[in-house]
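The lines below spell out each chain.
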Amino acid sequence: MKAPVLKTDKEVAFHLFALKRLALADKTVLDSEKDCIYKIANLYKIVLSMDCSLDELVAQLDMTEEEFEAGLAELKSSPQRAKLLIKDLVTTGLADNDYCEEERAMVSEVGRKVGLHPSLVHEIEFTAMRLNRAMRDMEVLIGQS
């Protein structure tokens, strides 16, 4: 298994904050969006040195607009992290099966601010949507929904 792209607490915290921010784009964070963020956070649990539960971690995530913008600017020098963020933003937006205009706009804006070409952002978005649909179809096929 490849090592995680996010290697420091600061990188993980920024990544998760961006996901939380996307979940709030439509003014409410649904349980399905929280679950999605927790699953993504759990992928990086071994990176995190914070001694708290995932619930506490997500609740603690907060930063100013300036800190968020600075974090996005840092991603310009890390295309792999930038693409991972876009993928996870879209995945979080799809978690409630309602990838709304506010979420789409945020994904596009983040893509622009981290220096990714709009066509690449769109391709990541489209692929994540296909994967989400395939996973829902599989759940129906095996009777889990």
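Note that this is a predicted model, so its numbers are computed, not measured.

Enquirer: Where do I start with the pattern of salt bridges in this structure?
Expert: Opposite charge on two side chains allows them to pair when their charged atoms are near. Applying the stated criterion across every chain, the model contains 9 salt bridges. For Glu 74, the salt bridge identified is with Lys 10, shortest N-O distance 3.5 Å. Note that Glu 74 is positioned in helix 4 (residues 65–74) and Lys 10 in helix 1 (residues 9–23), a separation of 64 residues in sequence. Accessibility expressed as a relative area gives 59% for Lys 10, which makes it exposed. Between Asp 31 and Lys 34 there is a salt bridge, with its nearest N and O atoms 4.0 Å apart. In this pair, Asp 31 and Lys 34 are both assigned in helix 2 (residues 31–43), 3 residues apart and thus about one turn of the helix distant. What makes Asp 31 exposed here is its relative accessible area of 55%. Residue Lys 34 is classed as partly exposed on the basis of its relative accessible area, which comes to 32%. Through salt bridges that share partners, Glu 69, Glu 109 and Lys 113 make up one connected network.

Enquirer: Honestly, helix 4 in this entry has me stumped. Any pointers?
Expert: Three or four residues apart is the spacing at which side chains of an α-helix point the same way, because the helix has 3.6 residues per turn. If you check which residues of helix 4 are buried, you get Phe 68, Gly 71 and Leu 72. Within helix 4, the buried residues cover an arc of 100° as seen down the axis, which keeps them to one side. Packing partners of the buried residues in helix 4 comprise helix 1, helix 5 (79–94) and helix 6 (101–113).

How each quantity is defined
Residues numbered from 1 in each chain as written. Predicted model: local features only at pLDDT ≥ 70, side-chain atom pairs only at ≥ 80, totals over all residues. Heavy atoms only, no water. Salt bridge = Lys/Arg side-chain N within 4 Å of Asp/Glu carboxyl O. Helix = DSSP H or I, 4+ residues; strand = E, 2+ residues; numbered from the N terminus. Buried < 20%, exposed > 50% of the residue type's maximum accessible area, 1.4 Å probe, protein only. Arc of directions from axis to C-beta. Contact = heavy atoms within 4.5 Å.

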